[in-house]
Amino acid sequence: MRTSFGERLLDLAVNGFLWGFRILIVVIVVLGTFLTIRAGKYTSEQWIDFVVFGISQGSIYALIALGYTMVYGILRMINFAHGEIFMSGAFGGYFIATWLTGIGFMDKYPVFGLIISMMFGMLVSTLIALLVERIAYRPLRGAPRLVPLISAIGASFFLQYTFRGFFGPGVYAYPSMKALDGEWIFFGIGILKVQIVVTIAAVVMMSILYSIVMFTKIGKAMRAVSENKDVAALMGIDVNRIIVTTFALGAAMAGAAGVLYALTYRQVNFFTGFTPGIKAFTAAVLGGIGNIPGAMVGGLVLGIVESVGPALFLDSIGIPRPYQLKDAIAYIMLVMILLFRPSGILGERVSKKA
Amino acid sequence: MSILNIENVHTYYGNIHALKGININIEKGEIVTLIGGNGAGKTTTLRTISGLLKPREGSVSLNGEDILKYQAHEIVYKGISMVPEGRGVFARLTVLENLEMGAFSRNSKEEVTRNMNRVFTLFPRLKERRTQVAGTLSGGEQQMLATGRGLMSNPTILLMDEPSMGLAPVLVELIFDTIQQINKEGTTIMLVEQNALMALTIADRGYVLQTGEIILSDTAENLKKNPTVQKAYLGME
Ligand SMILES: Nc1ncnc2c1ncn2[C@@H]1O[C@H](COP(=O)(O)OP(=O)(O)O)[C@@H](O)[C@H]1O
Ligand SMILES: [Mg+2]
């Protein structure tokens, strides 16, 4: 009772700050949008470009986000090494793509070349994820939740610097694929081929994953384990095997995403996984961590907002180089979600109960 | 020959000595009930049999084979199935998916179909609700689902942990009728209950558990007449 006045004052201050933050963001978004549209600085073709880029980028985030969300769903832990799993896939894809380009295969059979590169990237990612699970996570199963989290951060650094040790700090340029240069024209609008191919590949991968989780015996067992491990074991389900499968599937998606990301940006180095990793984590939280359709929706929403946002919200309110703030938009979204709707777009309101 | 044999089992939670050397025998085709108050160790006994807990001492054998060396998920393949306390349905899975999970250990499609038809015959309500998500079922329906799911692996022995918990009397009656029906069809049943009267009515034999020790074991008929049981578990003076 004695501290109640002080507490109430603090409460008021915090609430006031949060409301101020909300209002500020809403004002920036509304005002920025209004001013930008009135100024008519961008053509509709440019807007379409922004959106298309956002979709292709977002579908990559979605692919990575699936791994975060599935592992969280089953172990209630954030696999902070997931960004590095993604990076290892991009590296794997780099080596095979370079080789395929060198022997002339890539130019002759670009579709197969691309599929082979992706499969190899997925393989590398999966193997590394399985090692990480076995060495850094499984021995800590049952430990307090903070412990595997710290181990995950350690694994993340370990992988970054292992790759740096093997391949140096420099940037490896992805070989250029002639088949992916230039644009395809739809209804008079040119869209970069890379973006279309990336989006299609990502959607295909997500559909495969979704079908596995929803319709196969192993997928149903994954969902059962994520609800209740003991009862799942009583059904005859080998919980450890399901956990390993979950890591493998998530890593395979991240590996595919790594190759697609590298196709878009044409380069890879040991630090490549960091930013997309955090972005995809944001996407997973945005969609509701643990929720698979949520990760896909979250990825797309984040990709589009991040791509359209700088021009739409920031350009006309006097911010000099709005595109530099692309990442800031993503992180502000993360903070907003954590503050105001921790359960995410599609998530149930579980965090309130916990 | 007894199919399930529990000898001198001691199970701990950390330092808590939950089972203090219990002995239980179950013969083929029986309904055996384990009664006892809250915290007596009934759930612990079932979790020890199903492999979720490992005893520090003692042995559990099925048809003469020591099963302590197996993990919980392997024990299902040996023919033991458990319907957990509080039903434990997978709330986000549909009724059908829950039943499929119950048959996880079965690889033959025909067998799964056959078991599913058996479950739908026992519980027509589940068939009506088969595409519904289990979390939206009523308590009684969830108990039917948990029981049906337990049968999907076609077990030789079914362990049931307080199936009557939280159910209206009509539903309790229905569940107990079904338990008898399941038993008549050839499944041995180990029934854990706080509702001692109901349990002793359908059981062949019973064990009384008190703070981790078996204090009585007899035919259900005799237990019902036993003054200790009447006083402590049947609410009679
Ligand atoms: N997870 C646990 N951790 C520690 N003690 C437990 C745990 N589960 C049960 N116990 C203790 O073991 C004893 C037996 O519990 P339990 O088998 O659940 O009893 P019952 O099913 O007969 O109500 C109780 O004293 C209970 O407090
Ligand atoms: Mg109990």
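Residues numbered from 1 in each chain as written. Chains lettered and ligands numbered in written order. Predicted model: local features only at pLDDT ≥ 70, side-chain atom pairs only at ≥ 80, totals over all residues. Heavy atoms only, no water.

1. Remarks on the coordination of the magnesium ion (ligand 2)
Item 1. Thr43 of chain B (OG1) and Glu85 of chain B (OE) make up the full set of protein donors to the magnesium ion (ligand 2), lying at 2.0 Å. Here the residue Thr43 of chain B occupies a position in helix 1 (residues 42-49), and Glu85 of chain B occupies one in the loop between strand 6 (80-83) and helix 3 (95-102), the gap between them amounting to 42 residues. (Donors = N, O, S within 2.8 Å, 3.2 Å for Na, K, Ca; no water. Helix = DSSP H or I, 4+ residues; strand = E, 2+ residues; numbered from the N terminus.)

2. Some points on the sheet that holds strand 9 (residues 205-210) of chain B
All names here are of chain B.
Item 1. One open sheet accounts for 6 strands, arranged 6-7-8-3-9-10; its pairing is mixed. Each edge of the sheet is formed by a strand with only one pairing partner; in this case those strands are strand 6 and strand 10 (213-219). Mean inter-strand twist for the sheet, computed between neighbouring axes without regard to direction, equals 15 degrees.
Item 2. Bridge count between strand 3 (residues 31-35) and strand 8 (residues 188-193): 5 bridges; the pairing is parallel. Looking at strand 8, one finds that Ile31 is bridged to Ile189. (Pairing = 2+ DSSP bridges. Axes fitted to C-alpha atoms, helices over the stretch in contact; angles between N-to-C directions.)

3. A few points about helix 10 (residues 239-265) of chain A
Item 1. Its 27 residues give helix 10 of chain A an end-to-end C-alpha distance of 39 Å, which sits within 8% of 39 Å, the value for a rise of 1.5 Å per residue.
Item 2. Two residues or fewer past helix 10 of chain A, Arg266 of chain A is found with a positive phi of approximately 65 degrees. (Expected span 1.5 Å × (residues − 1).)

4. Re the sheet that holds strand 4 (residues 57-62) of chain B
Item 1. Across the sheet, which stays open at both edges, the 4 strands sit in the order 2-1-4-5 (chain B) with antiparallel pairing between neighbours. Two strands bound the open sheet, and with one partner strand each, they are strand 2 (16-27) and strand 5 (65-66) of chain B.

5. Some words on the environment of Val60 of chain B
Residues and elements named next belong to chain B.
Item 1. Checked against the element boundaries, Val60 lands in strand 4.
Item 2. Placed 54 residues apart in sequence, Val60 and Ile6 show a C-alpha to C-alpha distance of 4.6 Å.
Item 3. In this structure Val60 touches Leu4, Asn5, Ile6, Val9, Glu65, Asp66, Ile67 and Leu68, once residues within four positions along its chain are discounted. (Contact = heavy atoms within 4.5 Å.)

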